[in-house]
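Topology and contacts: notes
Listed below are the residues making up each chain.
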Amino acid sequence: MLLSNKRLWLLLLAIPCLLFIPFIAMQFTNEVNWAVGDFFIMGTLLLFTVLAIECIFRVVRVKKYRGWLIAVVLLTFCLAWAELAVGVFNTPFAGN
């Protein structure tokens, strides 16, 4: 069964924990101003990242390749996050 994996459960549990950080910050400062859509987009981005990493762990057996593929997934996540937050690449999806 897909959800019987302890690692997957921990990774999936990390998503709401990470989304809770900006939610709490919004209660104390006006500098963090996320809308519901922002939480949805970031949650989706985190979910796809977690599922991609879990697929890599399940499919790729060579640790060297596994490490490189996970690094590529994390780099892609960081680049997408940066683009959505501040518009590093000036695409139509830019945050500012």
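**Description of the nonpolar core**
In this structure, Leu-8, Ile-15, Leu-19, Phe-39, Met-42, Leu-45, Leu-46, Val-50 and Phe-77 together form the largest nonpolar core, which totals nine residues. Elements with a minimum of two residues in this core: helix 1 (6-28) and helix 2 (36-59). Every residue in contact with Leu-45, bar those within four places of it in the chain, is listed here: Phe-77, Ala-80, Trp-81 and Leu-84. Among the nonpolar cores identified, the runner-up in size contains five residues, and Ile-53, Ile-56, Val-60 and Ile-70 belong to it.

**Side note on the packing of helix 1 against helix 2**
In contact at an axis separation of 10 Å, helix 1 and helix 2 are set at 155° when each is read in the N-to-C sense. On the basis of their axis angle, the class for helix 1 and helix 2 is roughly antiparallel. Handedness of the helix 1/helix 2 crossing: right-handed. For the pair helix 1 and helix 2, the contacting residues are Arg-7, Leu-8, Leu-11, Leu-12, Ile-15, Leu-18, Leu-19, Pro-22, Phe-23 and Met-26 in the first and Phe-39, Met-42, Gly-43, Leu-46, Leu-47, Val-50, Leu-51, Glu-54, Phe-57 and Arg-58 in the second. Looking at the contact of helix 1 with helix 2 residue by residue, the class counts come to 16 nonpolar, one polar and three charged.

Criteria and cut-off values
Residues numbered from 1 in each chain as written. Predicted model: local features only at pLDDT ≥ 70, side-chain atom pairs only at ≥ 80, totals over all residues. Heavy atoms only, no water. Core = buried A, V, L, I, M, F, W, Y, C linked by side-chain atoms within 4.5 Å. Buried < 20%, exposed > 50% of the residue type's maximum accessible area, 1.4 Å probe, protein only. Helix = DSSP H or I, 4+ residues; strand = E, 2+ residues; numbered from the N terminus. Contact = heavy atoms within 4.5 Å. Axes fitted to C-alpha atoms, helices over the stretch in contact; angles between N-to-C directions. Parallel < 35°, antiparallel > 145°, perpendicular 65-115°, else oblique. Left-handed = near helix turned anticlockwise from the far one by under 90°. Nonpolar A, V, L, I, M, F, W, Y, C, P; charged D, E, K, R; others polar.

Note that all results are geometric; they support no functional claim without further evidence.
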